[in-house]
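# Fold and contact review
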Amino acid sequence: MTATVLAVYDAGGDVLEVEWTADDPAAADKPVQVARGWVSHTQNYFPPDAYGEDGHRRADVEPRAMTEAELRAYAQQLADDQLASLAPARERKQLL
Amino acid sequence: MTRKFGAVTMNAQTLGSVPQFNLDLAGATVLGTSDNGDGGIGLSTAVPVRASTALWDPATAGWDRLRTPTIHKASGLVTAAGSTAVWTPQSGKKFRLMAYFITVLNVSLMAAAGIEVLDLLDSATSLNQNHQLGLPAAAGAAGPPLYAQLVWFAGNGFLSAAANNVLNLSVGTALTGGGVLVDAWGTEE
């Protein structure tokens, strides 16, 4: 099952809302889920290579706004993360 | 299925023209009157109500679920003046600072005796912590830290203003010996 991003909104209060569905995106009655992120991440963005091995950022890197492709990737990641979180957290295994 | 609530309290008030109801189910039990064949919620089966605590946030005029600090970050020994990263959240996350412990080693000293000013910054914005202490130019005898403060924020603590902001330690004057340590607790969200 995969998540298809339908739309991305600035919901105010720095909240980014991503509407997505795991069903056929062309279906009229498809269930729509909403994943949330931060608008500021799209404006105060550091690419992955800005981070060192210690987890901190290099001092010489300045933040920038995301490109459209990066925004699409961020929205897809939020949708994918929420889709994964909807799966059962733990699997029960019979031991005896 | 219908449900009956046991010992519950309900408070009603009016906020503007919108009625507000606070239903407190914590500690109560639910009696399920089952008509759907679910034995787990059968007639007269009492189950505890699962409730989470929410805090009123006047800054956003909304309710905020209570957080539990799950992340611990440590600065390492800092002697340089200016900003030093204590907590760099994962990409796309904000740090929520809920508590910190700040320590100045007993062998800390400056080039000239004076007042050291320590603060925490949300990227470059002061959190107005304003720790000040007098430091000598020569180290004293070994012993306990010159300064050690645990600061525990009430409620949900401080949420960073923007994703990817770093929690920085600000040191006003460089140390020529000893150093400052910060341990921070909170969440990333």
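Look up a bit, the structure's there.
Read on for a plain summary of the structure. (Residues numbered from 1 in each chain as written. Chains lettered and ligands numbered in written order. Predicted model: local features only at pLDDT ≥ 70, side-chain atom pairs only at ≥ 80, totals over all residues. Heavy atoms only, no water.)

### What about the overall build of chain A?
So the rule is basically this: Elements are defined by DSSP. Helices are runs of H or I of four residues or more, strands are runs of E of two residues or more, and each kind is numbered from the N terminus. Throughout, the radius of gyration refers to the C-alpha atoms, and the reference size of a globule is 2.2 Å times the residue count to the power 0.38. Think of it in three bands: with a 1.4 Å probe and only protein chains considered, a residue is buried below 20% of the maximum accessible area for its type, exposed above 50%, and partly exposed in between. The method behind every accessible area is Shrake-Rupley, applied with a 1.4 Å probe, and residues are considered shielded solely by the protein chains displayed.
Helices and strands together make up the secondary structure of chain A, namely 2 helices and 3 strands. Mapped from its N terminus to its C terminus, chain A presents α and β elements in the order β-β-β-α-α. Taken over C-alpha atoms, the radius of gyration comes to 17 Å for chain A, far larger than the 12 Å a tight globule of 96 residues would show. Here the C-alpha coordinates of chain A stretch approximately 55 × 45 × 25 Å along the principal axes. Relative to its 96 residues, chain A shows a buried fraction of 30%. On chain A, roughly 6,800 Å² of surface is accessible, and the fraction owed to carbon and sulfur atoms is 51%.

### A closer look at the pairing of strand β17 (residues 180–188) of chain B
All names here are of chain B. Quick reminder of the rule: One bridge is not enough; two strands pair if DSSP finds at least two bridges between them.
By the bridge criterion, 4 bridges tie strand β8 (residues 71–74) to β17 in an arrangement that is antiparallel. Bridging across to β17, Lys73 finds its partner in Ala184. As judged from the 9 bridges shared by strand β10 (residues 95–104) and β17, these two strands associate in the antiparallel manner. Directly across from Leu97, in β17, lies its bridge partner Gly186.

### So, the interface of chain B and chain A
The test is simple: The contact definition used throughout considers only heavy atoms, calling two residues in contact when any of these lie within 4.5 Å. Two parts placed together each lose some accessible area; with a 1.4 Å probe, that loss summed over both constitutes the buried area. When a carboxyl oxygen of Asp or Glu is within 4 Å of a side-chain nitrogen of Lys or Arg, the pair counts as a salt bridge. Counting of polar contacts relies on pairs of N or O atoms within 3.5 Å, with two restrictions inside protein: one atom must be capable of donating a hydrogen and the other of accepting it, and residues adjacent in sequence are counted only when both atoms are side-chain atoms.
Counting residues at the interface gives 16 residues for chain B and 12 residues for chain A. Summed over both sides, the interface between chain B and chain A buries roughly 1,000 Å², with carbon and sulfur atoms accounting for 48% of that surface. Seen at the junction of chain B and chain A, the total is 1 salt bridge. Among the ionic pairs, Asp14(A) bridges to Lys94(B), the shortest N-O distance being 2.6 Å. Taken together, chain B and chain A are joined by 10 residue pairs in polar contact (both at pLDDT 80 or more).

### Overview of the environment of Val171(B)
All names here are of chain B. Tracing the backbone shows Val171 in strand β16 (residues 167–171). Under the relative-accessibility criterion, Val171 is labelled buried at 2%. In this structure Val171 touches Val78, Ala80, Ala81, Gly82, Glu116, Val117 and Leu118, once residues within four positions along its chain are discounted.

### Quick word on the layout of surface pockets
Worth spelling out the cut-off: Grid points spaced at 1 Å over the protein atoms alone were grouped into cavities, where a 1.4 Å probe fits but cannot get out, and pockets, open sets with protein on both sides within 12 Å along at least five of seven lines, with lining residues defined by an atom within 4 Å of a point. Grid points are joined across faces, edges and corners, and a volume is the space filled by probe spheres set on the points. Residue type decides the class: Asp, Glu, Lys and Arg count as charged, Ala, Val, Leu, Ile, Met, Phe, Trp, Tyr, Cys and Pro as nonpolar, and the leftover types, Gly among them, as polar.
For the largest pocket, the calculated volume is near 1,200 Å³. In this structure, the largest pocket is lined by 45 residues; those nearest its centre are Trp38(A), Arg67(B), Arg96(B), Leu159(B) and Glu189(B). Counting only elements with at least two residues in the lining of the largest pocket, the list comes to β3 (33–38) and α2 (68–85) of chain A together with β6 (54–57), β7 (62–65), β15 (158–159) and β17 of chain B. Ranked by residues supplied to the lining of the largest pocket, first place goes to α2(A) with 6 residues. Of the residues belonging to the lining of the largest pocket, the class tally is 17 nonpolar, 15 polar and 13 charged.

### Focus on α2(A)
All names here are of chain A. The line we're drawing: A helix is expected to span 1.5 Å for every residue after the first.
Here α2 is 18 residues long and its end C-alpha atoms lie 26 Å apart, about the 26 Å a rise of 1.5 Å per residue gives. Listed as buried for α2 are Glu70, Tyr74, Ala75, Leu78, Ala79 and Leu83. Next to the buried residues of α2 lie β1 (4–10), β2 (15–21), β3 and α1 (39–43).

### Quick word on the packing of aromatic side chains
Condition: A pair of aromatic rings is counted whenever rings of Phe, Tyr or Trp (Trp by its six-membered ring) have centres within 6.5 Å, and the orientation is called stacked for planes under 30 degrees apart, edge-to-face for over 60 and tilted otherwise. Look at NZ for Lys and CZ for Arg. If either is within 6 Å of the ring centre and within 35 degrees of the ring normal, a charge sits over the ring.
This structure, assessed with the given rule, holds 4 aromatic pairs over all chains. Taken together, a centroid distance of 6.4 Å and an interplanar angle of 40 degrees make the contact between Phe95(B) and Phe158(B) tilted. With Phe95(B) in strand β10 and Phe158(B) in strand β15, this residue pair connects regions lying 63 residues apart in the sequence. Look at Phe95(B) and you get buried, because its relative accessible area is 0%. Judged by relative accessible area, Phe158(B) falls into the partly exposed class, the value being 26%. Plain terms: the ring middles of Tyr100(B) and Phe153(B) are 6.2 Å apart, the flat faces sit at 45 degrees to each other, and that makes the pair tilted. Placement of the pair is Tyr100(B) in strand β10 and Phe153(B) in the loop between β14 (147–152) and β15, with a sequence separation of 53 residues. Exposure remark for Phe153(B): the relative accessible area of 19% places this residue in the buried category. Note that Arg57(A) overlies the ring of Phe46(A), its terminal NZ or CZ placed 3.5 Å from the centroid. Sitting over the ring of Trp38(A), Lys94(B) keeps its end group 3.7 Å from the ring centre.

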